[in-house]
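Listed below, chain by chain, are the residues.
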Amino acid sequence: MATSIYGDYIKSVIRTVRDWPQPGINFRDITPVLQNSSAFRKLIDSFVHRYQELDIDAIAAIDARGFIVGAPLAYELGCSFVPVRKKGKLPFQTISETYKLEYGESTVELHADAFQRGDRILLVDDLIATGGTMLAAARLIERSGGVIVETAAIIDLPELGGGDMIRNEGYGVFAACTFTEDEE
């Protein structure tokens, strides 16, 4: 798993909220990173430095926290930004991909004309947990003609297995930092 040279610093700024949203969950709150201009710059720079030489056509970012990194990254790389939204949030013709959750299912959508065949896409989200959302978005992008260059996130939670699941499907994974379950 590749991580950022700024990973330890970014990780030190992320706040852990114990027992939220339910007992036993350690929520990784990225809000302090966004509030700290130096940390936010280092976060965006982590992605810019990794991808600036890779001829990316578009950043596809997953609703909604993926947009926080995706939009400034697209700007810095000089490529387009494409939102991957929750079902029913896009106004034009869409294609969709449904995936399983622990209890039930969810659906992500993309505008049908978001990509041209062969476009090189970086797929971004805030967090990799079980990998289901990232994989659904990757399948959606490939169905629309895009080619996934890599998947990227601010945080990977390796104990939940999502990064491994994504790699097992043939995609590269990059995270600015990782947290184990018991880390502060």
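Position numbers for residues start from 1 in each chain and track the written sequence from start to end. Given that this is a predicted model, residues contribute local features only at a pLDDT of at least 70 and side-chain atom pairs are listed and counted only at 80 or more, while totals for whole chains, interfaces and linings are drawn from all residues. Where side-chain values are given, they derive from all heavy atoms of the structure, hydrogens and water being excluded.

Naming follows an unreviewed UniProt entry, where the protein appears as Adenine phosphoribosyltransferase of Kushneria aurantia. Checking UniProt for the protein, the heading Subcellular location (unreviewed entry) contains the comment "Cytoplasm". UniProt positions are given in the numbering used here, feature names are shortened, and annotations may be inferred rather than shown by experiment. Here the protein is described in UniProt, under the heading Function (unreviewed entry), as follows: "Catalyzes a salvage reaction resulting in the formation of AMP, that is energically less costly than de novo synthesis."

Peer 1: Before we move on, can you summarise the packing of helix H3 (residues 37-51) against helix H4 (residues 66-77) with the specific residues and values?
Peer 2: Taken N-terminus to C-terminus, the directions of H3 and H4 make an angle of 55°; their axes are 10 Å apart at the nearest point. Classified by the angle between their axes, H3 and H4 sit oblique to one another. Read as a crossing pair, H3 and H4 show a hand that is right-handed. Along its contact with H3, which presents Phe40, Leu43, Ile44, Phe47, Val48 and Tyr51, the element H4 presents Ile68, Val69, Pro72, Leu73, Glu76 and Leu77. Gly counts as polar in this scheme, as do all residues outside two lists: the nonpolar Ala, Val, Leu, Ile, Met, Phe, Trp, Tyr, Cys and Pro, and the charged Asp, Glu, Lys and Arg. Of the residues contributing to the contact of H3 with H4, the split by class is 11 nonpolar, no polar and one charged. Here the axes come from fitting lines to C-alpha atoms, over the contacting stretch only for helices, and the angles between their N-to-C directions go from 0 to 180 degrees. Numbered from the N terminus, helices here are DSSP runs of H or I no shorter than four residues, and strands are runs of E no shorter than two. With respect to orientation, any angle under 35 degrees is reported as roughly parallel, any angle over 145 as roughly antiparallel, any angle of 65 to 115 as roughly perpendicular, and every other angle as oblique. We call a crossing left-handed when the near helix sits turned anticlockwise from the far one by less than a right angle, and right-handed when that turn is clockwise. Contacts are assigned to residue pairs that have any heavy atoms within 4.5 Å of one another.

Peer 1: Outline the environment of Tyr6, listing residues and values.
Peer 2: Relative to the helices and strands, Tyr6 is located in the loop between strand S1 (2-3) and helix H1 (7-13). The class for Tyr6 is partly exposed, based on a relative accessible area of 24%. Not counting residues within four places of it along the chain, the set of residues in contact with Tyr6 comprises Lys42, Asp45, Ser46 and His49. Partly exposed describes any residue whose relative accessible area lies between the buried limit of under 20% and the exposed limit of over 50%, with all areas from a 1.4 Å probe on protein chains only and scaled to the type maximum.

Peer 1: Account for the pairing of strand S10 (residues 173-178), with residues named and values stated.
Peer 2: Looking along a regular strand, one sees side chains alternate from face to face of the sheet. Counted residue by residue, S10 has five buried out of six residues, so it is predominantly covered. Pairing between strands is defined by DSSP: at least two bridges between them are needed. Inspection of the sheet shows S1 paired to S10 by two bridges, in the parallel sense. Paired with Thr3 across the bridge in S10 is Ala175. Direction of pairing for strand S9 (residues 147-156) relative to S10: parallel, over a ladder of five bridges. Bridge pairing links Thr151 to Val173 in S10.

Peer 1: Residues and numbers for the layout of surface pockets, please.
Peer 2: Here the largest pocket defines a volume of roughly 1,500 Å³. A cavity here means a set of points on a 1 Å grid, drawn over the protein atoms and nothing else, where a 1.4 Å probe fits but cannot get out; a pocket is an open set with protein on both sides within 12 Å along at least five of seven lines, and a residue lines either one if it has an atom within 4 Å of a point. Forming the walls of the largest pocket are 42 residues, and the residues nearest its centre are Arg65, Leu127, Ala129, Thr130 and Leu160. When residues of the lining of the largest pocket are traced back to their parent elements, those giving at least two are strand S3 (26-29), strand S5 (80-86), strand S6 (94-101), strand S7 (104-111), strand S8 (120-128) and helix H5 (132-143). A class-by-class count of the residues in the lining of the largest pocket yields 20 nonpolar, 10 polar and 12 charged. Grid points are joined across faces, edges and corners, and a volume is the space filled by probe spheres set on the points.

Peer 1: Account for the pattern of salt bridges, with residues named and values stated.
Peer 2: Salt bridges are defined by distance alone: a side-chain nitrogen of Lys or Arg within 4 Å of a carboxyl oxygen of Asp or Glu. All chains considered together, the criterion is met by seven salt bridges. The residue Glu97 makes a salt bridge to Arg143 at a minimum N-O spacing of 2.7 Å. In this pair, Glu97 is assigned in strand S6 and Arg143 in helix H5, connecting sequence segments 46 residues apart. Relative accessible area serves as the criterion here: at 14%, Glu97 is assigned to the buried category. Among the residues examined, Arg143 registers a relative accessible area of 47% and is labelled partly exposed. Several salt bridges share partner residues, and in doing so they unite Glu97, Arg139 and Arg143 into one network.

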